[in-house]
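In case you want the letters, here they are:
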Amino acid sequence: MTDQDKTINNTDNKADKAVAAAGESHAPVAAFPREAKRFVWLALVSLTLTILAWILGGYSAIAAIITSAAAIVTGAFALKSHRHGVRNTAITSIIAAAALLVVISAFCIVIYIGLKSV
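Residues numbered from 1 in each chain as written. Predicted model: local features only at pLDDT ≥ 70, side-chain atom pairs only at ≥ 80, totals over all residues. Heavy atoms only, no water.

1. Focus on the overall build of the chain
- Assigned secondary structure in the chain consists of five helices and zero strands.
- In the chain, the order of α-helices and β-strands from amino to carboxyl end is α-α-α-α-α.
- Classification of the 118 residues of the chain by burial places 19% in the buried group.
- Long-range pairs, those at least 24 residues apart, make up 64% of the contacts in the chain with a sequence separation of at least 6.
- Entry remark: accessible area of the chain is about 8900 Å², with carbon and sulfur atoms responsible for 69%. (Helix = DSSP H or I, 4+ residues; strand = E, 2+ residues; numbered from the N terminus. Buried < 20%, exposed > 50% of the residue type's maximum accessible area, 1.4 Å probe, protein only. Contact = heavy atoms within 4.5 Å. Areas by Shrake-Rupley, 256 points an atom, 1.4 Å probe, with all protein chains shown as cover.)

And the structure:
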């Protein structure tokens, strides 16, 4: 083994020796930074608002439209999550709320505007 190989393969560097001399140990570094739990709560609130909007759809169209719009907004904020389960929940909630919003809005437009013109 040559002197050049010894310097290339040398695993003891000065920084490691300084840390060992100071008595400090290397702290394990997490593979991924910890994500805020607010994304999970936003996805669950969005899902709850979507279910509530579907229930309200049988009683009040305006309340269902407002609740589904709120579910879409909270679901959109939950999409910033890095976890697939949270994002999939948010996407499902957004799609369900948007479908309800489109159907009830179209129904209201046809009923209110269509019948007023007759």
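2. Some remarks on helix α4 (residues 61–78)
- With 18 residues, α4 ought to run about 26 Å at 1.5 Å a step, and its terminal C-alpha atoms sit 26 Å apart, in line with that.
- Buried within α4 we find A64, T67, S68, A71, T74, G75 and A78. Looking straight down α4, one finds its buried side chains confined to an arc of 125°; they lie on one side. Of the residues in α4, the exposed ones pointing more than 90 degrees away from the buried face are I62 and I66.
- Next to the buried residues of α4 lie α3 (38–56) and α5 (84–116).
- Between a side-chain oxygen at the N-terminus of α4 and the backbone nitrogen of A63 the separation is 3.4 Å; the capping residue is S60. (Expected span 1.5 Å × (residues − 1). Arc of directions from axis to C-beta. Polar contact = N/O pair within 3.5 Å; in protein donor to acceptor, adjacent residues only side chain to side chain.)

3. Observations concerning the side chain of S46
- The residue S46 is located in helix α3 in this model.
- Setting aside anything within four residues of it in sequence, one finds S46 in contact with A71, T74, G75 and S93.

4. A closer look at α3
- An ideal rise of 1.5 Å per residue puts 27 Å on 19 residues; α3 measures up with 26 Å between its terminal C-alpha atoms.
- Among all positions in α3, only F39, A43, S46, T50 and A53 are buried. Buried residues along α3 cover an arc of 85° about the axis, so they all sit on one side. Every exposed residue of α3 that faces more than 90 degrees away from the buried side is listed here: R38, W41, T48 and I55.
- Along its buried surface, α3 packs onto α4 and α5.

5. Here's the deal with the side chain of S93
- Residue position: S93 is located in helix α5.
- Looking at S93, the relative accessible area reads 1%, which means it is buried.
- Excluding its chain neighbours within four sequence positions, the residues that come into contact with S93 are S46, L47 and T50.

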